[in-house]
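Spelled out from the first residue to the last, the chains are:
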Amino acid sequence: MPLEAGLLEILACPACRAPLSDASAADTPELICTSKACGLAYPVRDGIPVLLVDEARRPA
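All values reported here derive from a predicted model rather than from experimental measurement.

**Examining the sheet that holds strand 3 (residues 41-45)**
On the basis of which strands lie adjacent, the open sheet formed by four strands has the order 1-2-3-4 and antiparallel pairing. Looking at the sheet topology across the chains shown, the edges are occupied by strand 1 (20-22) and strand 4 (48-49).

Next comes the structure, spelled out in structure tokens:
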């Protein structure tokens, strides 16, 4: 389920406040922080971004 059109424009990484990009694959939808220093990946569950630092993962 894709995010609403304008939602991605207003979301920011809660850890560093950088913009997020949609890097959703069919099996693992997530939003990725665009900051090279941070780079956390936040899950999207049932079309709702979970923007909790404790729920984020560091991409390999």
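Right, picking up where we left off after that structure.
**Description of unusual backbone geometry**
The phi angle at Arg17 is positive, at roughly 70°, despite the residue not being glycine. Mapped onto the secondary structure, Arg17 falls in the loop between helix 1 (7-10) and strand 1. Even without a glycine there, the phi angle at Asp46 is positive, about 55°. Its place among the elements puts Asp46 in the loop between strand 3 and strand 4.

**Some points on the pairing of strand 2 (residues 30-33)**
Burial along strand 2 is two-sided: Glu30 and Ile32 and Leu31 and Cys33, pointing in opposite directions, are all buried. As defined by bridge partners, strand 1 adjoins strand 2 across three bridges and the pair is classed as antiparallel. Note that in strand 2 the partner of Leu20 across the bridge is Cys33. Across three bridges, the pairing between strand 2 and strand 3 is antiparallel. The partner of Glu30 across the bridge, within strand 3, is Pro43.

**Let's talk about the environment of Pro59**
Tracing the backbone through its elements, the reader meets Pro59 in the segment after strand 4. Given the relative accessible area of 36%, Pro59 is considered partly exposed. It is 7.2 Å that separates the C-alpha atoms of Pro59 and Gly39, two residues lying 20 residues apart in sequence. Once residues within four sequence positions are removed from consideration, Pro59 is found in contact with Ile32, Gly39, Leu40 and Ala41.

**Brief notes about the pattern of salt bridges**
Evaluation of the coordinates by the stated rule reveals two salt bridges. In this structure, Glu30 engages Arg57 in a salt bridge whose closest nitrogen and oxygen atoms are separated by 2.7 Å. On the criterion of sequence distance, the pair formed by Glu30 in strand 2 and Arg57 in the segment after strand 4 is long-range, its members being 27 residues apart. Residue Glu55 is joined to Arg45 by a salt bridge in which the shortest nitrogen-to-oxygen separation is 2.9 Å.

Calculation criteria
- Residues numbered from 1 in each chain as written.
- Predicted model: local features only at pLDDT ≥ 70, side-chain atom pairs only at ≥ 80, totals over all residues.
- Heavy atoms only, no water.
- Pairing = 2+ DSSP bridges.
- Helix = DSSP H or I, 4+ residues; strand = E, 2+ residues; numbered from the N terminus.
- Buried < 20%, exposed > 50% of the residue type's maximum accessible area, 1.4 Å probe, protein only.
- Contact = heavy atoms within 4.5 Å.
- Salt bridge = Lys/Arg side-chain N within 4 Å of Asp/Glu carboxyl O.

Take it as geometry only, folks, not as evidence of what the structure does.
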